[in-house]
Amino acid sequence: MSSPVPEPVPSGLRLNLRIVSVAMYNFASYLTIGLPLAVLPGYVHEVMGYSAFWAGLVISLQYFATLLSRPHAGRYADLLGPKKIVVFGLCGCLLSGLGCLLAALNSGSPLLALLLLCLGRVVLGFGQSFAGTGSTLWGVGVVGASHIARVISWNGIVTYGAMAIGAPLGVVIYRSGGLEGLAAVIMGVALLAIVLALPRSPVKASKSKPMPFRAVLGRVAPYGLALGLASTGFGVIATFITLFYEAKGWSGAAFTLTLFSGAFIGARLLFPNGINRLGGLNVAMMCFTVELIGLLLVGVAWLPWVAKLGALLAGAGFSLVFPALGVVAVQAVPAQNRGSALATYTVFMDLSLGITGPLAGLVMAWAGIAFIYLGAAGMVMLALWLAWWLKNRAAQAEPAQPTVE
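Residues numbered from 1 in each chain as written. Predicted model: local features only at pLDDT ≥ 70, side-chain atom pairs only at ≥ 80, totals over all residues. Heavy atoms only, no water.

Turning our attention to the overall build of the protein chain. The helix and strand inventory of the protein chain stands at 14 helices and zero strands. Listing each helix as α and each strand as β along the protein chain from the N terminus yields α-α-α-α-α-α-α-α-α-α-α-α-α-α. Whereas a compact globule of 405 residues would reach a radius of gyration of roughly 22 Å, the protein chain reaches 21 Å, a difference of no more than 12%. C-alpha atoms of the protein chain, sized along the principal axes, occupy 70 × 55 × 40 Å. A total of 405 residues make up the protein chain; the buried ones form 52% of that total. The long-range share in the protein chain, meaning contacts at least 24 apart out of those at least 6 apart in sequence, stands at 85%. For the protein chain, the exposed surface amounts to about 17800 Å²; the carbon and sulfur share of it is 71%. Computing the positive centroid from 22 side-chain charges and the negative centroid from 9, the protein chain places the two 8 Å apart. (Helix = DSSP H or I, 4+ residues; strand = E, 2+ residues; numbered from the N terminus. Rg over C-alpha atoms; globule rule 2.2 N^0.38 Å. Buried < 20%, exposed > 50% of the residue type's maximum accessible area, 1.4 Å probe, protein only. Contact = heavy atoms within 4.5 Å. Areas by Shrake-Rupley, 256 points an atom, 1.4 Å probe, with all protein chains shown as cover. Lys, Arg positive; Asp, Glu negative; His and termini not counted. Charge placed at Lys NZ, Arg CZ, Asp CG, Glu CD.)

Take the environment of Leu259 next. In this fold, Leu259 is placed in helix H8 (residues 253-270). When the C-alpha positions of Leu259 and Thr239 are compared, they lie 15 Å apart, and in sequence the two are 20 residues distant. If near-sequence neighbours (up to four positions away) are discounted, Leu259 is found in contact with Lys308 and Leu312.

As a further point, take the nonpolar core. Phe244, Phe288, Leu325, Tyr345 and Tyr373 are the most contacted members of the largest nonpolar core, which totals 121 residues. The dominant element in this core, judged by the number of residues it contributes, is helix H6 (residues 148-197), at 18 residues. Beyond its immediate stretch of four places on either side in the chain, Phe244 contacts Trp250, Val298, Ala301, Ala307, Ile369, Ala370 and Tyr373. (Core = buried A, V, L, I, M, F, W, Y, C linked by side-chain atoms within 4.5 Å.)

What follows deals with the environment of Val58. Summarising the element assignment, Val58 is placed in helix H3 (residues 52-80). For the pair Val58 and Leu40, spaced 18 residues apart in the sequence, the C-alpha separation amounts to 7.8 Å. In contact with Val58, other than residues within four places in its own chain, are Leu40, Val44, Leu114, Cys118 and Arg121.

Interaxial distance between helix H1 (residues 13-37) and H6 falls to 3 Å at its minimum, and their mutual angle equals 35 degrees. The two elements H1 and H6 cross, and the hand of that crossing is right-handed. The residue inventory of the contact of H1 with H6, partitioned by class, reads 31 nonpolar, nine polar and one charged. (Axes fitted to C-alpha atoms, helices over the stretch in contact; angles between N-to-C directions. Left-handed = near helix turned anticlockwise from the far one by under 90°. Nonpolar A, V, L, I, M, F, W, Y, C, P; charged D, E, K, R; others polar.)

For the structure shown, the criterion picks out seven aromatic pairs. Pairing Phe322 with Tyr345 gives two aromatic rings, centres 4.9 Å apart and planes at 55 degrees, and the pair type is tilted. Taken together, the residues span a long stretch of sequence, with Phe322 in helix H12 (residues 321-331) and Tyr345 in helix H13 (residues 338-367) at a distance of 23 residues. By the burial criterion, Phe322 is buried, and Tyr345 matches it. Ring-pair connections join several aromatic residues into one group, and the members of that group are Phe234, Phe260, Phe264 and Phe318. Above the ring of Tyr76, the side-chain terminus of Arg75 is found at 5.1 Å from the ring centroid. (Phe/Tyr/Trp six-rings, centres within 6.5 Å; stacked < 30°, edge-to-face > 60°. Lys NZ or Arg CZ within 6 Å of the ring centre and 35° of its normal.)

What follows is about the packing of H6 against H8. Close contact between H6 and H8 brings their axes to 10 Å; oriented N to C, the two are set at 150 degrees. One finds that H6 runs roughly antiparallel with respect to H8. Crossing hand, H6 versus H8: left-handed. Of H8, the residues touching H6 (which contributes Ile152, Ser153, Trp154, Gly156, Ile157 and Tyr160) are Phe264, Ile265, Arg268 and Leu269. Residue composition of the contact of H6 with H8, grouped by class: seven nonpolar, two polar and one charged. (Parallel < 35°, antiparallel > 145°, perpendicular 65-115°, else oblique.)

Taken together, the side chains of Leu296, Val300, Trp302, Leu303, Trp305, Leu309, Trp366, Phe371 and Leu374 define a hydrophobic patch exposed on the protein surface, amounting to about 960 Å² of accessible area. Those elements that provide at least two residues to the nonpolar patch are helix H10 (280-300), helix H11 (304-319) and helix H14 (369-397). Tracing the backbone through its elements, the reader meets Leu309 in helix H11. Leu309 gets classed as partly exposed once you look at its relative accessible area, which sits at 37%. (Patch = residues over 30% accessible without salt bridge, like charges linked within 9 Å, V, L, I, M, F, W, Y side chains within 5 Å. Salt bridge = Lys/Arg side-chain N within 4 Å of Asp/Glu carboxyl O.)

Let us now look at the side chain of Thr133. Counting through the fold element by element, Thr133 comes out in helix H5 (residues 110-143). Within the local environment of Thr133, its side chain forms a polar contact with the backbone oxygen of Ser129, the two atoms lying 2.9 Å apart. The contacts of Thr133, once residues within four sequence positions are left out, are Arg70, Ala73, Gly74, Gln128, Gly339 and Ala343. (Polar contact = N/O pair within 3.5 Å; in protein donor to acceptor, adjacent residues only side chain to side chain.)

Further remarks concern the environment of Val333. Positionally, Val333 belongs in the loop between H12 and H13. Classification of Val333 by relative accessible area gives buried; the value is 8%. It is 9.9 Å that separates the C-alpha atoms of Val333 and Leu217, two residues lying 116 residues apart in sequence.

Once that is clear, we can look at the confidence of the model for the protein chain. The share of residues in the protein chain with pLDDT of 70 or more is 91%, and the mean pLDDT across the chain is 82. Per-residue pLDDT stays below 50 along residues 1-7; that stretch engages in 19 contacts with residues further than four places along the chain or on separate chains. Note that pLDDT drops below 50 for residues 400-405; the model gives that stretch zero contacts with residues more than four away or on any other chain. (pLDDT = per-residue confidence, 0-100.)

With the rule as written, the count across this model stands at zero disulfides. Residue Cys93 stays outside any disulfide, its sulfur separated by 9.1 Å from that of Cys91, the closest cysteine. Classification of Cys93 as buried rests on a relative accessible area of 1%. (Disulfide = S-S within 2.5 Å.)

Shown next as structure tokens:
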């Protein structure tokens with residue numbers, strides 16, 4: 001994917017700053033997602049007069065487009081280099097803001113406005129998959145493949161940070177400037193990121209012939225499957241914890257989500273070198289164990305503090321799953337296929353989060369809301385077994401090597 005870094009890569013704070021200087025483009029792309037997230041459903045339903053179905057569809061279109069375009073983003077990042085892919089993705093984010101602006105300007109024609117919003121959401125989905133995949137690979141190219149776990153971790157931190165900041169900020173902007181003002185801010189964020197990205201030095205794309213997609217999928221799929229299974233825990237807490245608290249007659253669901261998110265980000269900040277020291281599969285198994293305990297505590301919680309402790313443990317456990325398994329998945333393919341591997345691996349999480357919501361809703365209607373957390377714990381247990389099997393398979397495939405100090 002990239003040429004070797006010509007100069008020594010700094011460690012500690014300077015290393016983190018170098019990674020963040022590239023991850024900020026991923027932050028910008030997710031900020032353009034977060035800003036309209038809490039605004040558009042209400043705008044479509046209440047202002048434009050469409051049903052809740054159409055309000056939900058407008059939001060979901062972005063996720064579907066992201067899911068469908070991720071493999072293409074990875075392949076083109078390998079072929080063209082990540083900088084070009086980042087700029088292309090940010091242009092998509094810019095055009096999504098333009099779609100919102102045109103929809104606001106055509107509010108007198110609800111059907112045209114809805115079509116413009118839908119088109120903007122589709123373009124945003126493509127833009128995010130390209131900008132997000134490209135930013136991660138660009139960071140790896142800047143600091144070297146030995147720091148890939150840290151690069152993935154920082155990209156996750158800026159992703160959730162942008163979403164957390166963007167949603168409430170978007171509501172404030174919409175109340176003061178309407179959809180036109182919100183669209184202008186979205187375009188401004190994307191344009192600023194493009195302007196900052198263009199002068200930067202790119203990392204070179206690999207000249208080697210890449211593996212076919214089917215071969216990449218075969219190598220990455222076991223790690224992606226483990227990620228998808230573990231992602232169900234994230235999905236049921238983020239989506240259903242409020243309903244869980246209501247069913248129990250408790251208050252404090254929002255604080256429970258804060259604990260979950262805080263533990264997620266905190267674990268990534270506190271253990272940046274754990275994956276390199278212990279190995280991706282070892283860290284993943286420890287994370288699965290912590291997440292499993294957390295989900296079980298939520299499922300059997302008899303008091304609010306038990307559910308809060310469970311959510312905290314689930315957030316801390318899930319935190320390092322993506323980078324821990326991602327490192328192993330990316331290392332399973334040649335350097336010229338890192339983009340395709342990372343994008344394909346991420347698709348499993350996208351699919352899991354897309355399926356978990358409706359499936360958990362059906363389970364909740366059949367067996368009660370507490371059971372969805374116990375069911376998610378079962379999925380994480382399967383992920384733990386899969387990681388253990390992958391570790392044993394790797395140990396059997398490689399002959400013992402003498403330790404080099």
